[in-house]
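A closer look at the structure
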Amino acid sequence: MWFFKKKKKDIDKPEVIKPPKMDLSKYKYNINIKSICYYEKIAGKSFTEFSLEDITQFIYACFIINNPEVNITYSTFLLLIENRSIAEWLMIKNQEALEMIQQFNESAEGDEIKGEKITNTITDYATSLIIDYGVDAHYVMYEMKLWEIPLFFEAVSTKMMRDMEQKRFWTYLNIMPHIDTKKCKSPEALLPFKWEKGKRQERAEQNLKNNLYAVKHTIGKSIFGDKDKKENG
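This write-up is about the structure you can find in this document. Residue numbers here run from 1 along each chain, matching the order of that chain's written sequence. A pLDDT threshold of at least 70 governs which residues receive local features in this predicted model, and a stricter bar of 80 or more applies before side-chain atom pairs are shown or counted, although totals over entire chains, interfaces and linings include all residues. Only hydrogens and water are set aside; all other atoms, that is, all heavy atoms of the structure, feed into the side-chain values.

Quick notes on the overall build of the protein chain
The way it works is that DSSP assigns letters per residue, a run of H or I at least four long becomes a helix, a run of E at least two long becomes a strand, and they are numbered from the N terminus. When helices and strands are tallied, the protein chain shows eleven helices and two strands. Counted from the first residue to the last, the protein chain has its helices and strands arranged as α-α-α-α-α-β-β-α-α-α-α-α-α. The classification of residues rests on relative accessible area computed with a 1.4 Å probe and restricted to protein chains. Under 20% of the type maximum is buried, over 50% is exposed, and intermediate values are partly exposed. Across the 233 residues of the protein chain, 25% fall into the buried class. Pairs of residues are marked as contacts when any of their non-hydrogen atoms sit within 4.5 Å. The long-range fraction of contacts in the protein chain, counting pairs at least 24 apart against all pairs at least 6 apart in sequence, stands at 59%. In short, Shrake-Rupley with a 1.4 Å probe defines the accessible areas, and a residue's cover is counted only from the protein chains shown. Of the accessible surface of the protein chain, which amounts to about 17500 Å², a share of 56% is contributed by carbon and sulfur atoms.

This is the structure in C-alpha cells:
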C-alpha cells in the first residue's frame, strides 16, 4: 500500500532513534536493599565490590525497583539516558541518596557482622534476616538502610544468646535434684556455649596478666625494697 512505501531518499538515509522524553516529576529514586540485591544480580558480584564502572547498572537497579510501573530492559534504559535531562536527573538523585547514606556510614569500611568481615553479598544478608531470623520482608527490602544490617545482626544475635541462656538456666533448675551439684555447679558448667568459652578465656588471660603483674610487683618490692619508703625515709 502506498503509505508503507518510503521515498528513495528516506531509504538511503540512516534511521535515527531519538531518546524518549519523560515527565520526571512522577518518578522516585531511592537506594534500598531491594535495589542493591537487584544490582548484585545484574552485575554478578557483591555490592562490597562496587566500582564506578558499575554506576550505570546501579542507577538502573535503583530506578527500576522504586518505579515498578516502569518495565524496561537495561538496553532500553541505556537508550533512555541518552536524553541529557534524564541522565542529569538520575545522577543528581543518585548523589543525593548516596550523601544521605554516607552520613550514617562514615565508618562503613571495616564494619563487621557477627565478628567477621563482610564478604558475602547484601542479598545473602537480607535473605538471612528474612528466612533465618524472621524480620519482615517488606521492611528489609524497602525500608531498611544499608548501614542498619550489622546493627540488626548484632541485636538478633544478642537476643538469641539471651534466650538460649535463659532456657539453659531453667533446665538447670529443673534437673538440680537429679545431678551432683558439686561437679556441675552452674548452668554454664552444664552446657557451655561457644561465646562463653571465648569470654572465659579472655577473663582467664586477663587474670593471668594481673597475677603476673602482682607477683612481679611483690617480688620487686621484696628484693629492692619499697622505693617510696626509702626515698621518704
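What to know about helix α8 (residues 148-175)
By this rule, a helix spans an expected 1.5 Å times one less than how many residues it contains. An ideal rise of 1.5 Å per residue puts 40 Å on 28 residues; α8 measures up with 41 Å between its terminal C-alpha atoms. Here α8 has its buried residues at Glu-148, Ile-149, Pro-150, Phe-153, Val-156, Arg-168 and Tyr-172.

Examining the packing of aromatic side chains
Remark: the centre distance and the inter-plane angle together describe each pair of aromatic rings, the angle taken between the planes. Stacked, tilted and edge-to-face are the three classes assigned to paired rings of Phe, Tyr and Trp, where Trp is represented by its six-membered ring and a pair needs centres within 6.5 Å; plane angles under 30 degrees give stacked, over 60 edge-to-face, the rest tilted. Under the defined criterion, the tally for this structure stands at 13 aromatic pairs. Centre to centre, the rings of Tyr-38 and Tyr-60 are 6.4 Å apart; their planes meet at 50°, and the pair counts as tilted. In this pair, Tyr-38 is assigned in helix α2 (residues 33-43) and Tyr-60 in helix α3 (residues 55-66), connecting sequence segments 22 residues apart. Judged by relative accessible area, Tyr-60 falls into the buried class, the value being 5%. Among the aromatic residues, ring-to-ring pairing joins Tyr-27, Tyr-38, Tyr-60, Phe-63, Tyr-74, Phe-77 and Trp-89 into one connected group.

Points about the pattern of salt bridges
Oppositely charged side chains can form a pair if their charged atoms are brought close together. Within this document, salt bridges are pairs made up of a side-chain nitrogen of Lys or Arg and a carboxyl oxygen of Asp or Glu, the two lying within 4 Å of each other. On inspection of all chains with the given rule, the structure shows two salt bridges. Linking Lys-45 and Asp-54 is a salt bridge whose minimum nitrogen-to-oxygen distance equals 2.8 Å. Judged by relative accessible area, Asp-54 falls into the buried class, the value being 7%. Arg-84 is the partner of Glu-88 in a salt bridge, and the nearest nitrogen-oxygen pair spans 3.0 Å. Here Glu-88 pairs with Arg-84, and both are found in helix α5 (residues 84-102), just four residues apart, close to one helical turn.

Observations regarding the side chain of Asp-54
Topologically, Asp-54 is positioned in the loop between α2 and α3. Non-local contacts of Asp-54, meaning those with residues more than four positions away in its chain, are made with Tyr-39, Lys-45 and Glu-49.

Some remarks on the nonpolar core
Membership of the largest hydrophobic core comes to 35 residues, with the highest contact counts inside it found for Tyr-29, Ile-31, Ile-33, Phe-58, Phe-63, Leu-90 and Ile-149. Counting residues per element, the ones that place at least two in this core are α2, α3, α4 (74-80), α5, α6 (122-131), α7 (137-143) and α8. Residues enter a nonpolar core if they are buried and are Ala, Val, Leu, Ile, Met, Phe, Trp, Tyr or Cys, with the set joined through side-chain atoms within 4.5 Å.

Comments concerning the environment of Ile-59
Along the chain, Ile-59 falls in helix α3. Overall, Ile-59 belongs to the buried group, its relative accessible area being 5%. For the pair Ile-59 and Phe-77, spaced 18 residues apart in sequence, the C-alpha to C-alpha distance is 9.9 Å. Residues contacting Ile-59, with those up to four places away along its chain left out, are Tyr-29, Phe-77, Leu-90, Met-91 and Asn-94.

In short, geometric facts, not functional conclusions.
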